[in-house]
Amino acid sequence: MADLKEIAVIGGTGAQGMPVVKALSASGRYRVRVLTRNPDSARARKLAGLPNVTLLQGAQDNQRDLHSLFRGVHGAWVNTDGFTLGEKDELFYGFRAYEIARSERVQHYVWANIEYALGVANFDEKYHCGHMDSKGRVGRFILALGQDGMKSTLFSTGPYMDMLMDGMFVPVEQQDGSFMWINPAPSDVKLPLIALCDVGAYNLWIFDNPSESAGMDLQVMTDNVSFGEIAKVFTEVTGKRAVHKSIPFEEYASIAEPYPGAYVNWALGPDAVRDDSVMTWRENFGAWWRYWGGGITKARDTTVLDRIHPQRIKSLKDWMKYVDYDGKRKSVLKMVEDLSLKNGRSSDK
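No experiment lies behind these values; they were computed from the predicted model shown.

Visitor: How should I be thinking about the overall build of the protein in this particular structure?
Guide: Within the protein one finds 15 helices and 12 strands. Computed over its C-alpha atoms, the radius of gyration of the protein comes to 20 Å, within 12% of the 20 Å expected for a compact globule of 349 residues. In terms of its C-alpha atoms, the protein occupies a principal-axis envelope of roughly 60 × 45 × 45 Å. Burial status across the protein gives 54% buried among its 349 residues. Of the contacts formed within the protein by residues at least 6 apart in sequence, a portion of 75% connects residues at least 24 apart. With an accessible surface of roughly 15,200 Å², the protein has 50% of that area assigned to carbon and sulfur atoms.

Visitor: Please clarify how empty space enclosed by the protein should be interpreted in this entry.
Guide: Left-over empty space is what a probe sized like a water molecule reveals as it rolls over the atoms. Overall, the coordinates contain one cavity of 30 Å³ or more when judged by the stated rule. If you add up the space inside the largest cavity, you get close to 70 Å³. In this structure, the largest cavity is lined by Gly82, Phe83, Gly86, Glu87, Gly130, His131, Val264, Ser277, Val278, Met279 and Asn284. Of all elements in the fold, only helix 4 (82–85) and helix 7 (130–144) reach the threshold of two or more residues within the lining of the largest cavity. Residues belonging to the lining of the largest cavity are distributed by class as follows: four nonpolar, six polar and one charged.

Visitor: In this structure, what is going on with the pairing of strand 2 (residues 30–36)? I would like to understand it.
Guide: Remark: a regular strand shows side chains that alternate across the two faces of the sheet. Counting buried residues in strand 2 gives six out of seven residues, a clear majority hidden from the surface. As paired strands, strand 1 (residues 5–10) and strand 2 are joined by six bridges and run parallel to one another. In the strand pairing of strand 2, Val9 is matched with Val34. The β-α-β motif built from strand 1, the intervening helix 1 (residues 17–27) and the parallel element strand 2 has right-handed crossover chirality. Bridge analysis of strand 2 against strand 3 (residues 53–57) gives five bridges, and the strand direction is parallel. When the sheet's bridge partners are listed, Arg33 is paired in strand 3 with Thr54. As a crossover connection, the stretch from strand 2 through helix 2 (residues 42–48) into strand 3 is right-handed.

Visitor: Help me understand the UniProt feature "domain: NmrA-like" (unreviewed entry) in the protein in this model?
Guide: Per the UniProt record, "domain: NmrA-like" (unreviewed entry) is annotated on residues 5–259. Helix and strand shares over residues 5–259 are 39% and 22% respectively, and the end C-alpha atoms of the span are 45 Å apart.

Visitor: What exactly am I supposed to notice about the packing of helix 11 (residues 249–256) against helix 12 (residues 281–293) here?
Guide: Angle between the axes and distance between the axes: these two values describe a pair of packed helices. Between helix 11 and helix 12, whose axes approach to 11 Å, the crossing angle comes to 125°. Here helix 11 lies oblique to helix 12, going by the angle between them. Judged by the twist between their axes, the crossing of helix 11 over helix 12 is right-handed. Contacts between helix 11 and helix 12 involve Phe249, Glu250, Tyr252, Ala253, Ser254 and Ala256 on the former and, on the latter, Trp281, Arg282, Phe285, Gly286 and Trp289.

Visitor: Honestly, the sheet that holds strand 10 (residues 217–219) in this entry has me stumped. Any pointers?
Guide: Within a beta sheet, neighbouring strands are joined by backbone hydrogen bonds and run either parallel or antiparallel to one another. An order of 3-2-1-4-5-6-10 is seen for the seven strands of this open sheet, with the pairing classed as parallel. Of all the strands in the sheet, the pair left with one neighbour each is strand 3 and strand 10. Within this sheet the neighbouring strands show an average axis-to-axis angle of 20°, counted without direction. Across the sheet, helix 7 lies against strand 5 (108–113), strand 6 (151–156) and strand 10, angled at about 155° from strand 5, the strand it touches most.

Visitor: Is there a simple way to explain helix 3 (residues 63–70) in this structure?
Guide: Because each turn of an α-helix spans 3.6 residues, side chains separated by three or four positions end up pointing in the same direction. Where helix 3 is concerned, the buried positions are Asp65, Leu66, Leu69 and Phe70. Looking straight down helix 3, one finds its buried side chains confined to an arc of 125°; they lie on one side. Looking at the buried residues of helix 3, the elements they touch are strand 1, strand 2, strand 3, strand 4 (75–78), helix 5 (87–103) and strand 5. The N-capping residue of helix 3, defined by a side-chain oxygen 3.0 Å from the backbone nitrogen of Arg64, is Asn62.

Visitor: Help me out: how do you make sense of the pattern of salt bridges in this one?
Guide: Here the idea is simple: oppositely charged side chains can pair when their charged atoms come close. On inspection of all chains with the given rule, the structure shows 20 salt bridges. Notably, a salt bridge pairs Asp176 with Arg241, separated by 2.8 Å at the nearest N-O pair. In this pair, Asp176 is assigned in the loop between strand 7 (172–173) and strand 8 (179–183) and Arg241 in the loop between helix 10 (227–238) and strand 12 (242–246), connecting sequence segments 65 residues apart. Accessibility assignment for this pair places Asp176 and Arg241 in one class, exposed. Note that Asp306 and Arg312 form a salt bridge whose closest N and O atoms lie 2.7 Å from each other. Note on Arg312: relative accessible area 7%, which makes it buried.

Visitor: Got a minute to help me understand the nonpolar core in this structure?
Guide: Burial of nonpolar side chains together is a common tendency in soluble globular proteins. In this structure, Phe169, Trp288, Trp289 and Trp319 are the most contacted members of the largest nonpolar core, which totals 79 residues. Here this core gets seven residues from one element, more than from any other, and that element is helix 12. Leave out the neighbours within four places in its chain, and Trp289 touches Met168, Phe169, Asn183, Pro184, Ala185, Phe227, Phe249, Tyr252 and Gly294.

Conventions we followed
Residues numbered from 1 in each chain as written. Predicted model: local features only at pLDDT ≥ 70, side-chain atom pairs only at ≥ 80, totals over all residues. Heavy atoms only, no water. Helix = DSSP H or I, 4+ residues; strand = E, 2+ residues; numbered from the N terminus. Rg over C-alpha atoms; globule rule 2.2 N^0.38 Å. Buried < 20%, exposed > 50% of the residue type's maximum accessible area, 1.4 Å probe, protein only. Contact = heavy atoms within 4.5 Å. Areas by Shrake-Rupley, 256 points an atom, 1.4 Å probe, with all protein chains shown as cover. 1 Å grid on protein atoms, 1.4 Å probe; cavity = no way out; pocket = protein on both sides within 12 Å on 5 of 7 lines; lining within 4 Å. Points joined across faces, edges and corners; volume = space filled by probe spheres on them. Nonpolar A, V, L, I, M, F, W, Y, C, P; charged D, E, K, R; others polar. Pairing = 2+ DSSP bridges. Right-handed = clockwise from strand over helix to strand, strands pointing away. UniProt positions renumbered as here; feature names shortened; annotations may be inferred. Axes fitted to C-alpha atoms, helices over the stretch in contact; angles between N-to-C directions. Parallel < 35°, antiparallel > 145°, perpendicular 65-115°, else oblique. Left-handed = near helix turned anticlockwise from the far one by under 90°. Arc of directions from axis to C-beta. Polar contact = N/O pair within 3.5 Å; in protein donor to acceptor, adjacent residues only side chain to side chain. Salt bridge = Lys/Arg side-chain N within 4 Å of Asp/Glu carboxyl O. Core = buried A, V, L, I, M, F, W, Y, C linked by side-chain atoms within 4.5 Å.

The following block contains the structure:
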């Protein structure tokens, strides 16, 4: 165990971070040090039970805790929680986490990235999506600093395929037993969805192959599909009828908004201290749906993905079969789970 390289992880109890920690642990090549606010949470306890995984109690927005986390480790995998921090604080702590990691002589730094929507859309303000842009700005900053002193890699995801089970992509079951997806996306615009079960393998490859992964923005995808195709594939897999209905965002928001006037960091509750940098849920996700529904994102290179992870799931149909998808809601996203626990409703499964 002494010769294992240690990886520090921020966001390890999240939907994306958990499969990364599990993959690093299962490889037998790494020890993992996971930063967590609450070591007694159900997700933290699951990670603590894995081989070569230790927990460090602390916060992503505490610079002393960041020093403690990065001190003495070989690498770092960092996925700050933009919904909790807010756009402004994620910028500050995203920059500081990188700087502190360099000060602690970390050798390989992986930033869990989302594409910079505003930049990709040629700085058209209608695509300003706070939780995407804060991560995307930090990602560009990291790669711009080059590879001298500390190797760095961006691991860039689009919407999670698993959001079909939790979050904004869950269909509504109709009285006749059929299912309907109701959202602002045009039925024929494709979205690059990524299955969370494969993110661990990609990040294991990143740490195993620094000479190739350093300086890379690895943009991952499972399948590029529209909601019209999602409904069609769902019927093929389950035998249940399904359709997609595209509606204006304002109509959709009246259904999907967590509560009237919610901010994007709604999980903190309506009374959390906020300033002008914190977008409302409608502002943030209005831009989010315009961006992904507008087909603005660039195509992913699946040739690279096939080479890095030959066993990856390559289609929505295969993913639905793999997870035994039935259109019903299941707990996946940590933010949703945290709010349920805060309100006295346990959704941990």
